[in-house]
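Here are the chains, one letter per residue:
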Amino acid sequence: MEEELLRGAVGPLLAWFCTHRRDLPWRHDRTPYTALVAELMLQQTRVEAVRERYVQFLRAFPTAEALAAASEEEVLKLWEGLGYYSRARNLHRAAKVIAQNGFPSTFEGVRALPGVGDYTAGAVCSIALGLPEPAVDGNVLRILSRLYADASNVDEGATKAKYAALLRAVYPPETSDFCEALMELGALVCVPNGAPTCEECPWRTLCRAHLAGREEAFPVRSEKRARRIVNATVYVLQCGGKYALEKRPARGLLAGLWQFPFFEGDAPGFGQLLAEKRAKHVFTHVEWHMTGKRVDVAEEIAPYTWVTAQQLREKYALPSAFRPFLEWVK
Ligand code: SF4
């Protein structure tokens, strides 16, 4: 693919970004550490969901040293509700590496931090270290496939590598603005769900998909696999003002996090049923179809951990899948 088209698109994109950039908390007082926190929080999570949590997290852990000194429970509690908790654990591990060795100064060094893939390393390098390293995510794949009207399958690694090489060849000195402008165009104008608003796009006179009136034919993707449905029973067991919690297995979905007693398939009976409700939670590859049961029990049953409502709110990180049942915890 010829570089000239993208080279000519850089200037209009940067000019557009100057006037359209959103005022987001992670764009203030940026350091490599805060850029890493923001990028990990933003993975697969909406900007609106991250805004406030980012501020709270940085207030608690303003530096890598402060985060490195925290306990895992404290870190997970501040991550509560953001999902994909392995990101929090990896960030915690990365902070320990940074506290000991300083923040890496090369792409390879950033890429070697726990939980950092090509995309995050590229974003942190471009945004906070001034290095011309591309960060190719779903937004960038979409806008470039449309700019070029390129029918390559964007789910294939070769397509990502092709776009990364193209971006590397045209990277301007404003590495941070360029990286963020690409993401911003994908978030605000050439959007993932719904029609792009091409009349507001700085690339409207260059974009081959738009010029051909075929915006929505791109990007080309593999067919999605259907999600696996898991039917489960979730027990909110209460006993004298305390509630039962258990830890999930150390591996797999929501590994090692706290939950209400959770049974896939057949579930035991526990005691007097006070209320029942159904709820659904959708993960990337799995859907939980849950029946929640609020039950009064006569004594604290082993092996559960019994906690008060206040302890649950303040100390235990409960994944958002269980939020529909929190109304029973008073
Ligand atoms: S012109 Fe339209 S399709 Fe092309 S990049 Fe802009 S918003 Fe996307």
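Keep in mind the model is a prediction, meaning the values are calculated, not measured. (Residues numbered from 1 in each chain as written. Predicted model: local features only at pLDDT ≥ 70, side-chain atom pairs only at ≥ 80, totals over all residues. Heavy atoms only, no water.)

Visitor: What should I look at first to understand helix H6 (residues 86–101) in this one?
Guide: The terminal C-alpha atoms of H6 lie 22 Å apart, and with 16 residues this matches the ideal 22 Å at 1.5 Å per residue to within 8%. When we look at burial in H6, the residues that qualify are Arg87, Ala88, Arg89, Asn90, Leu91, His92, Ala94, Ala95 and Ile98. On its buried face, H6 sits against helix H2 (32–42), helix H3 (47–60), helix H4 (64–68) and helix H5 (72–79). One or two residues past the end of H6 sits Gly102, with phi positive at roughly 85°. (Helix = DSSP H or I, 4+ residues; strand = E, 2+ residues; numbered from the N terminus. Expected span 1.5 Å × (residues − 1). Buried < 20%, exposed > 50% of the residue type's maximum accessible area, 1.4 Å probe, protein only. Contact = heavy atoms within 4.5 Å.)

Visitor: Sorry if this is basic, but what is going on with the pairing of strand S5 (residues 272–282) here?
Guide: The side chains of a regular strand alternate between the sheet's two faces. Across ten bridges, the pairing between S5 and strand S6 (residues 286–296) is antiparallel. Each residue of the ladder has a partner; that of Val282, found in S6, is Glu287. Linking S5 back to S6 in an antiparallel pair, the connection comprises three residues. (Pairing = 2+ DSSP bridges.)

Visitor: Would you take a moment to explain the nonpolar core for this structure?
Guide: As a rule of thumb, nonpolar side chains are buried together in soluble globular proteins. With 62 residues, the main nonpolar core has Leu36, Phe57, Phe260 and Trp288 as its most contacted residues. Here this core gets seven residues from one element, more than from any other, and that element is H2. Three or more residues apiece are contributed to this core by two domains, here domain 1 (3–217) and domain 2 (228–328). In this structure Phe57 touches Tyr33, Val37, Met41, Leu67, Val75, Leu78, Trp79 and Leu91, once residues within four positions along its chain are discounted. Residues Leu144, Tyr163, Trp203 and Phe218 belong to the second largest nonpolar core, which totals 39 residues. (Core = buried A, V, L, I, M, F, W, Y, C linked by side-chain atoms within 4.5 Å. Domains from an automatic or database assignment.)

Visitor: Explanation requested: the pattern of salt bridges in the structure shown.
Guide: Pairs can form between side chains of opposite charge once their charged atoms are near each other. Taken as a whole, this structure holds 20 salt bridges when the rule is applied. In this structure, Lys77 and Glu80 form a salt bridge, with 2.9 Å as the shortest nitrogen-oxygen distance. Residue class for Lys77 comes out buried when judged on its relative accessible area of 15%. Across the salt bridge formed by Glu287 and Arg227, the nearest N and O atoms sit 3.3 Å from each other. Of this pair, Glu287 sits in strand S6 while Arg227 is found in the loop between helix H12 (208–211) and strand S1 (228–239), placing the two residues 60 residues apart along the sequence. Given the relative accessible area of 12%, Glu287 is considered buried. Take Arg227: its relative accessible area is 37%, and that puts it in the partly exposed class. One salt-bridge network, in which partners are shared between bridges, spans Arg21, Arg22, Arg27, Arg30, Asp177, Glu180 and Glu184. (Salt bridge = Lys/Arg side-chain N within 4 Å of Asp/Glu carboxyl O.)

Visitor: Help me out: how do you make sense of the environment of Arg111 in this one?
Guide: If you trace the backbone, Arg111 turns up in helix H7 (residues 107–111). Among the residues examined, Arg111 registers a relative accessible area of 35% and is labelled partly exposed. Discounting residues that sit within four places of it in the chain, Arg111 has contacts with Val116, Gly117, Asp118 and Ala121.

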